[in-house]
Each structure stands twice: as structure tokens, then as C-alpha cells.
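Structural overview for review
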Amino acid sequence: MSIVVFDPDSTEDVDFKDRMRHPATADPAGGMWLSDTEPSFIDADALRKGRLAKLRAWMREAGYGAVVLFDPYNQRYATGSRNMFGYFLRNSTRYFFIPTEGPIVLFEYPQSYHVSMVLDTIDEARPSKLVWSSVSGRDDETSGPFADEIAELLKAHGGGSMKLGLDRCGHLQALALEKRGCEVRDCQGEILAVRAVKTPEEVKCLQVSMAGAEAAVYAVREAIKPGVSENDLFAIMYHEVIRQGGEFIETRLLTSGQRTNPWFNEASGRKIRPGELLALDTDTIGCYGYYSDFSRTFRCGPGKPTDYQKSLYRMAHDQVQHNISIVRPGMAFREIAEKAWKIPDRFVDQRYTSVMHGVGMHGETPFIAHAMDYETYGRDGFVVPGMVVSVESYIGEKGGREGVKLEDEILVTETGTELLSRFPYEDDFLEKQV
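Residues numbered from 1 in each chain as written. Predicted model: local features only at pLDDT ≥ 70, side-chain atom pairs only at ≥ 80, totals over all residues. Heavy atoms only, no water.

As recorded in an unreviewed UniProt entry, the protein chain goes by the name Aminopeptidase P family protein, listed as coming from Mesorhizobium onobrychidis.

Spelled out as C-alpha cells, the structure:
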């Protein structure tokens, strides 16, 4: 069984034809964004087609007949389709068959085909063979029919190649595919490498996502006062993200006072007291599903920062600014790690986990580790134009009362870098000692 896009001029199925005349059919964004919060200057058609062309160019070069995508981020990258995003982050039962050449087939959650069939990147929709199979304990029953259908499509549209990429799926499904002659490969890392270099339309999405996140952080800054809770402020940030056309926040990294040290505590009901620091990380999925990732640290008034707070803040600021300044197109990841700002000894134990990391639809490739961590977390590669990275800093000593988190997002250009995050730093922390 398949569900295909119906001809709106056909006399058949009048009710369905009327449904397909929904305003989504005339929307250049393919019906995904029927609101006034999405910027009209982004060419959604070019966005989708540019990403799909990059993906298929890699598939041809790597000899894949097709890929099967379960990861909602990869599905969105390849087709522009989004459906119950959070649900399918944890429940891998919606999937796409994408051949190097030929029709793209969506295996969809029942009764929701219409959400994506307005997109010209999707040729056909069929019911998923895996819906509810895990929660019903039926994976062993459904893996065979799943593999039969995918193997049949691969034989028909794989151009003679039985090499099949899977970004993620259960081992029973992978084994069933292999039994049917498919040469199964884990392609998640390869797809992330494709996604690392952004198209011009993707850069526009990242810029708009950043503007929304900056508005949310400003709303938080304005609401900081004694007695307000971390959860109150996180709710303000989330509200503004949604109001600005964003979708969700991946983390709950907004903490105050001693909960800023060490980093990675999450927002709680703790109420902020005068003179305490408040630190946050945006981690926001914004415009067209693109990530915004910058961090700032503020102080709850009244009064001025202490000398110790200023010292922490200045070091974090110096780390971010120095590490931005060394980035050049063509530079090796390892060279960046070696030239990065030297963290004072007493702050090394609680250093942030990377010097910088890629940004796209979420935190992505590349991940540039500290020199001291390179053999454990690092990998070789080069910074190239079109990459977007967030430059990180956390300064807080082990056992210290507070810590400072700062971070900025930059685009690598042909000649250097461009700052995407424009939220200003706090003058009170950076003013010179008299």
C-alpha cells in the first residue's frame, strides 16, 4: 500500500482534492510554516533542494544505493519534513528511503501522511512497518516485513548497488536487511560530515535562529531580580523562543549562585539572591529547525560585581575572544587545540568539554577538543568555509562558590570568521580597575 500525491485537477476523490487545496499547497515553504514568524527572505525550496543535492552527491561518491534515515534531524535535512519531532527523537519508527537517484519514500506514522506530502522532496508515503513494534514487544515480528520492503526498493532504485546506509536503527532490523542481501553500513558520521558545511540558505536560517535566541536571553536578563527562581527565568526564555518562531530548547542549562559551579546543573526552583551570578546556555532549536548556541553570565543586583566575579568573567571572555581570533579557513583541528587559550591550572579540572564545536540543526561536527583531551575526544580534520562553530568557555575552580559560562557562535568564511551571536557582554564585569 502506498499513498502518493494526488493530481489536484483529477475528478477522483473530491474530498481529498479539496484538502490538498489547503493554503499549504501554495506556500513556498511546502506547508511547513504557515505563520508570520518565519522569515520570507529564506527560500525554503532552495534550502531543501540544496541540502538534498549535497546528501546525494556524497551518496554517489561513497557508492551507496540508498540510505534509510531514522534520525529526525537527518530526515529534516534531507527532505524538510517534520512530524512530531520530539516523539520520533526517542521512537525510531518513522523512516525515509532515499536512493541516490529515484523516488524518495516516507514510511509514516498512520493518519499523518498529509503533514509531509505537500513537500516536493517526497514522492510517496507508506505506512511504517515499525510503528508501536517496540512498545508492543513485536520487533522480532516486524523486522522481516520492514527489511522485505526496503530490500525491494533498493533492488529497484539502488542503481545496481546494494550498499545501504542506516543512520540509526535496531539491530534486529539491520540483521534482517543483511539476510536479504543488503550491505548495511552505519552512515551517521558520514552524514554529519556532509551537514558540517552549510549552504547559503542554511546560514540565513542560523542567523534568524540566533536573533530569536538573543531576544529570549534579553528577556531573561531583564527579569533577573532577587526572589525570582531559575525555573521562572527558564520559562521566560522558553516562552520567548516560541514567540520568536523557535521550536524547543534542548537543555535546561540556566543556574544561579553556587549552582553555577560546576557547570551542567539544570534549572531548578532555587530563588536568586542579590549579588549572585546567573549563567545560561541557549541550546535553542529555532528557525526552520536550526540551532542557536551561545552563553552568557549575568549578575543579580543591586550593586556591582565582586573582584572575584570580575576575575572569572574576564578569563572566560579572554578565552572566547582568543579562540575566535585564531580560527582561519584551512586550519587543522589539532592546530586550533594547540593554539587555544591556556587555561590556568586551578580551572583545568572543570574546563568545558571542548574548545569549540560545530553548529547546524544541533551541536554537530566538528568537535574540537582541548589539547590535553585530544587523544581521547579529538579527531583530525580541517576548518573550511561554510562551517559554523560555537566557541566555548567555562571558568570555575573546583570547590569555588560560582562559575562563569560564556560562548559565541561564528561562521567560517573564505577570509576568516564572522560573528553570528551579537549579544553584548556585561560592561560591569569588564571595566578596568581604577
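Section: the overall build of the protein chain
Helix and strand counts for the protein chain stand at 14 helices and 18 strands. Out of the 434 residues in the protein chain, the part that is buried amounts to 56%. At a minimum sequence separation of 6, the contacts of the protein chain that also span at least 24 residues come to 66%. Summed over its atoms, the accessible surface of the protein chain is roughly 18700 Å², and 52% of this surface lies on carbon and sulfur atoms. (Helix = DSSP H or I, 4+ residues; strand = E, 2+ residues; numbered from the N terminus. Buried < 20%, exposed > 50% of the residue type's maximum accessible area, 1.4 Å probe, protein only. Contact = heavy atoms within 4.5 Å. Areas by Shrake-Rupley, 256 points an atom, 1.4 Å probe, with all protein chains shown as cover.)

Brief notes about the pairing of strand S4 (residues 105-108)
Residues of S4 alternate between two faces, with Val105 and Phe107 on one and Leu106 and Glu108 on the opposite face, all of them buried. Direction of pairing for strand S3 (residues 95-99) relative to S4: antiparallel, over a ladder of 3 bridges. Each residue of the ladder has a partner; that of tyrosine 95, found in S4, is phenylalanine 107. Between the antiparallel neighbours S3 and S4 lie 5 residues, among them glycine 102 with a positive phi of about 115°. Relative to strand S5 (residues 124-127), S4 runs parallel, the two being bridged by 4 bridges. Of the residues in S5, the one forming a bridge with leucine 106 is alanine 125. (Pairing = 2+ DSSP bridges.)

What about the environment of proline 305?
Summarising the element assignment, proline 305 is placed in the loop between strand S13 (295-299) and helix H10 (307-325). Remark: the alpha-carbon pair of proline 305 and phenylalanine 429, spanning 124 residues in sequence, is separated by 6.6 Å. Those residues in contact with proline 305, other than ones at most four positions away along the chain, are Arg299, Lys310, Asp428 and Phe429.

Let's talk about the packing of helix H3 (residues 72-79) against helix H7 (residues 188-195)
Put simply, H3 and H7 touch, their axes get as near as 12 Å, and they point 45° apart. If you check the angle between H3 and H7, you find them oblique. Like other packed secondary-structure pairs, H3 and H7 cross with a definite hand, here left-handed. Between H3 and H7, the residues in contact are Tyr73, Asn74 and Tyr77 and Gln188, Ile191, Val194 and Arg195, respectively. (Axes fitted to C-alpha atoms, helices over the stretch in contact; angles between N-to-C directions. Parallel < 35°, antiparallel > 145°, perpendicular 65-115°, else oblique. Left-handed = near helix turned anticlockwise from the far one by under 90°.)

Some remarks on the pattern of salt bridges
Two side chains bearing opposite charge may form a pair once their charged atoms approach each other closely. In total, this model carries 32 salt bridges according to the counting rule given. With its nearest N and O atoms 2.7 Å apart, the salt bridge here joins glutamate 276 to arginine 270. Glutamate 276 gets classed as buried once you look at its relative accessible area, which sits at 13%. Between lysine 304 and aspartate 428 there is a salt bridge, with its nearest N and O atoms 3.5 Å apart. Here the residue lysine 304 occupies a position in the loop between S13 and H10, and aspartate 428 occupies one in helix H14 (residues 427-430), the gap between them amounting to 124 residues. A relative accessible area of 30% places aspartate 428 in the partly exposed class. Linked through salt bridges whose partners overlap, the residues forming this network are Asp45, Arg48, Lys49 and Asp120. (Salt bridge = Lys/Arg side-chain N within 4 Å of Asp/Glu carboxyl O.)

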